[in-house]
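# Observations on chain architecture
Take a look at the letters that make up each chain.
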Amino acid sequence: MKIYLDTANLNEIREAARWGILSGVTTNPSLLAKEEGADFQDTIRTIAGLVDGPISAEAVSEDADGMVREGREFAAWHPNVIVKVPCTAAGLEAVARLKEDGIRCNVTLIFNANQALMAALAGAFVVSPFIGRLDDISQDGTDLIREIAAIFEQDHDIETQILAASIRHPRHVIESALAGAHIATCPLRVLKQGLTHPLTDRGIERFLSDWRAREATRTPAAAGAGSE
Ligand code: E4P
């Protein structure tokens, strides 16, 4: 499974990009609104220069004509731009029309398998089930991923990928992978949590203290011989 970063914050993207784990980035209007004063187009172009993979930019029109107009504009910014549209009738129409132009779409705000199936049939490049927001209302977000994966797997004409979104904690990443998601888009905080383990920290401490103790007991001559 691939990992995308779910943010519009350039410093966060720079940081995670240095780890060599990122395959893409997703943004949305709420994430962009947090970056005060940042220009939308500049932000997306800068992200595309930092991460070599799909970068989702979301349309805010509510009708298909508006989404298609926005989508064509975003796609002209960089070849890696993916146009994000909500899972509505207008969104599906926009996906079908943008696909005719060779423009890829991420159908977002997916909360049931019917929505995912229809988005895939309309020609979505990826669908984004929001598993954290489902968990918030006491439904199992991972079950939704499992259902979508089973449906897509038995229809060999569907090439749409499943992008697990609204990830709240590292367990969501693993559960999404096991349920059949192709990608998980995560906040940096979740990636850092997933990377950390107290036994790793304790292990590093012990290795370093053992090494320092060994160095302290060695004679200068032995230490010199050992370094050759
Ligand atoms: C995905 O593309 C969305 O930007 C995101 O995962 C939404 O997550 P939230 O529920 O934490 O807002």
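All values reported here derive from a predicted model rather than from experimental measurement.

### What about the site of the ligand?
Near the ligand you find Asp6, Thr26, Asn28, Lys84, Phe130, Arg133, Ala165, Ser166 and Arg168, and these make up its full shell. Between an oxygen atom of the ligand and a side-chain N or O atom of Arg133, the distance comes to 2.7 Å. One nitrogen or oxygen atom from the side chain of Arg168 is found 2.9 Å from an oxygen atom belonging to the ligand. When the ligand is considered free in solution it has 340 Å² of accessible area, and contact with the protein chains removes 84% of it. Mapping the ligand onto the cavity grids shows that it belongs to the largest pocket. Class assignment of the residues belonging to the shell around the ligand gives a composition of two nonpolar, three polar and four charged.

### A few points about the side chain of Ser166
Considering the arrangement of structural elements, one finds Ser166 in the loop between β7 (161–164) and α9 (170–179). Its relative accessible area of 8% is what places Ser166 among the buried residues. Ser166 has contacts with Phe130, Ile131, Gly132, Arg133 and His172, leaving out every residue within four places of it along the chain.

### Observations regarding a nonpolar patch on the surface
Taken together, the side chains of Trp19, Ile21 and Leu195 present a nonpolar region at the surface, about 280 Å² in accessible area. Within the element layout of this structure, Ile21 appears in the loop between α1 (10–18) and β2 (22–26). With a relative accessible area of 35%, Ile21 lands in the partly exposed category.

### Describing the side chain of His172
Mapped onto the elements, His172 comes out in helix α9. Polar side-chain contacts of His172 include one of 3.0 Å to the backbone nitrogen of Arg168.

### Structural notes on the pairing of β2
Burial analysis of β2 places four of its five residues in the buried class, which makes it a mostly covered element. Bridge count between strand β1 (residues 2–6) and β2: four bridges; the pairing is parallel. Note that in β2 the partner of Asp6 across the bridge is Thr26. In this view, the connection linking β1 to its parallel neighbour β2 by way of α1 has right-handed handedness. In this sheet, strand β3 (residues 55–58) lies alongside β2 in parallel orientation, the contact comprising two bridges. Paired with Thr26 across the strands is Ser56, a residue of β3.

### Observations regarding the environment of Lys84
Within the secondary structure, Lys84 sits in strand β4 (residues 81–86). Through-space distance from the C-alpha of Lys84 to that of Val51 is 18 Å; in sequence the pair is 33 residues apart. Residues within four places of Lys84 in sequence aside, it is in contact with Thr26, Thr27, Asn28, Ser56, Ala57, Glu58, Ala59, Asn106 and Thr108.

### Thoughts on the layout of surface pockets
In this structure, the largest pocket spans a volume of roughly 440 Å³. Forming the boundary of the largest pocket are 26 residues, of which Asp6, Asn28, Leu31, Lys34 and Pro187 lie nearest the centre. Among the elements of the structure, α2 (29–34), β5 (105–110) and α10 (188–195) are those that each provide at least two residues to the lining of the largest pocket. Considering the residues around the second largest pocket, the lining is formed by 16 residues, among which Lys99, Gly123, Ala124, Glu159 and Thr160 are closest to the centre. Partitioning the lining of the second largest pocket into residue classes produces seven nonpolar, four polar and five charged.

### Digging into the sheet that holds β3
Read around the closed barrel, the eight strands follow the order β1-β2-β3-β4-β5-β6-β7-β8; overall the barrel is parallel. Pairs of neighbouring strands in the sheet enclose a mean axial angle of 25°, with direction left out of account. Pairing analysis gives three bridges linking β5 to strand β6 (residues 126–129), with the strands arranged parallel. Residue pairing in the sheet places Asn106 in a bridge with Val126 of β6. Along the sheet, helix α4 (residues 64–77) contacts β3 and β4; its crossing angle with β4, the most-contacted strand, is approximately 160°.

About the criteria used
- Residues numbered from 1 in each chain as written.
- Predicted model: local features only at pLDDT ≥ 70, side-chain atom pairs only at ≥ 80, totals over all residues.
- Heavy atoms only, no water.
- Near = heavy atom within 4 Å.
- Polar contact = N/O pair within 3.5 Å; in protein donor to acceptor, adjacent residues only side chain to side chain.
- Areas by Shrake-Rupley, 256 points an atom, 1.4 Å probe, with all protein chains shown as cover.
- 1 Å grid on protein atoms, 1.4 Å probe; cavity = no way out; pocket = protein on both sides within 12 Å on 5 of 7 lines; lining within 4 Å.
- Sits in = over half its atoms within 2 Å of the grid points.
- Nonpolar A, V, L, I, M, F, W, Y, C, P; charged D, E, K, R; others polar.
- Helix = DSSP H or I, 4+ residues; strand = E, 2+ residues; numbered from the N terminus.
- Buried < 20%, exposed > 50% of the residue type's maximum accessible area, 1.4 Å probe, protein only.
- Contact = heavy atoms within 4.5 Å.
- Patch = residues over 30% accessible without salt bridge, like charges linked within 9 Å, V, L, I, M, F, W, Y side chains within 5 Å.
- Salt bridge = Lys/Arg side-chain N within 4 Å of Asp/Glu carboxyl O.
- Pairing = 2+ DSSP bridges.
- Right-handed = clockwise from strand over helix to strand, strands pointing away.
- Points joined across faces, edges and corners; volume = space filled by probe spheres on them.
- Axes fitted to C-alpha atoms, helices over the stretch in contact; angles between N-to-C directions.

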